[in-house]
Structures are given as structure tokens and as C-alpha cells.
Amino acid sequence: MSPTPEEKRKPDSLEDNLKKAMTELLVLYLLSQQEYYIGELASAIQEKSGGRLNIVFPYAAIYRMGRNEYITESKKRFAPDGRLRQYYTITEEGRAYLDGLLAVYRRFTAGVEELLSSGGEKR
């Protein structure tokens, strides 16, 4: 039986899956540069990616990384908008985890690029 149009995968589903897989890496990378509050992270990801990446408030990733002790709350302080915000910082364990994520990412993307460039484009 053929899949229905609703069951067929769409190219956008790849982007959704990549966002889910990359959120921790992106957030940890940003936190390795400076402290952020959650609301800043989404705009920082979008800004620093030249508008190519849009990840909406990564609350689940923040809470998961906190439980795993990759990040920790720092002191609350006033954000540029004047409101008191909870800032987060990366831990040493988080830096080690980030290093591992970056190694896997670089190896994986190099392999994908190698495969895609190995035979030209045939369709």
C-alpha cells in the first residue's frame, strides 16, 4: 500500500530533526562564550547564524542540560530590557560534553560532505 500524502516525509522534516539534534550543541556553544538568559538564546542563535537558524525558546534543552549538570544558573540580574532575568552558564562538565558534541558533529558533517562531493550530482 502506498503512503498517503500526510505520511510522506517532507524536506522540512529534516530541518526539524536537525534542530532537535543540534539544540544542545548550539546552546552550549553560546554559553561557552558568555552567560545568557533563556529568552536571549533563540535570538542569539538566529543572529549569529546570519538568520539561517531559528530555534524557538529551547526550554526543554535548558532543563535537560541543567539536570545533567552541563549548565547551571548564575545570579539573577537585570537584562538589557530592564527586567530581572535568570542567567545560565556552562559548567566544566558541560564544556567536556560540548567538546564531544563538536567532535561528533565535525566528523559526521565531514563524512556527509565527502559523500555528497564524491560522485557529482546524479538524479
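See the structure above.
Residues numbered from 1 in each chain as written. Predicted model: local features only at pLDDT ≥ 70, side-chain atom pairs only at ≥ 80, totals over all residues. Heavy atoms only, no water.

Participant: Give a description of the packing of helix α1 (residues 11–33) against helix α4 (residues 92–117) that names residues and reports values.
Facilitator: For the pair α1 and α4, the least separation of the axes is 10 Å and the interaxial angle reads 125°. Between α1 and α4, the angle falls in the class oblique. Here α1 runs over α4; the crossing is left-handed. Contacts between α1 and α4 pair M22, E24, L25, L28, Y29 and S32 from the former with G94, R95, Y97, L98, L101, L102 and Y105 from the latter. For the contact of α1 with α4, a count of residues per class yields 9 nonpolar, 2 polar and 2 charged. (Axes fitted to C-alpha atoms, helices over the stretch in contact; angles between N-to-C directions. Helix = DSSP H or I, 4+ residues; strand = E, 2+ residues; numbered from the N terminus. Parallel < 35°, antiparallel > 145°, perpendicular 65-115°, else oblique. Left-handed = near helix turned anticlockwise from the far one by under 90°. Contact = heavy atoms within 4.5 Å. Nonpolar A, V, L, I, M, F, W, Y, C, P; charged D, E, K, R; others polar.)

Participant: So what's going on with the sheet that holds strand β2 (residues 71–78)? Residues and values would help.
Facilitator: Spatial ordering of the open sheet is given by β1-β3-β2, a layout of 3 strands whose pairing is antiparallel. Two strands close off the open sheet at either side, each with one partner strand: β1 (36–37) and β2. Against the sheet, α1 engages β1, β2 and β3 (84–90), with an angle of about 100° to β3. (Pairing = 2+ DSSP bridges.)

Participant: Please set out the environment of L31 residue by residue, giving values where relevant.
Facilitator: With respect to the helices and strands, the residue L31 is situated in helix α1. The buried category is assigned to L31, whose relative accessible area is 2%. The spacing of L31 and Y88 is 57 residues in sequence and 7.4 Å in space, taken between C-alpha atoms. Those residues in contact with L31 that sit more than four places away from it in its chain are Y36, I71, Y88 and I90. (Buried < 20%, exposed > 50% of the residue type's maximum accessible area, 1.4 Å probe, protein only.)

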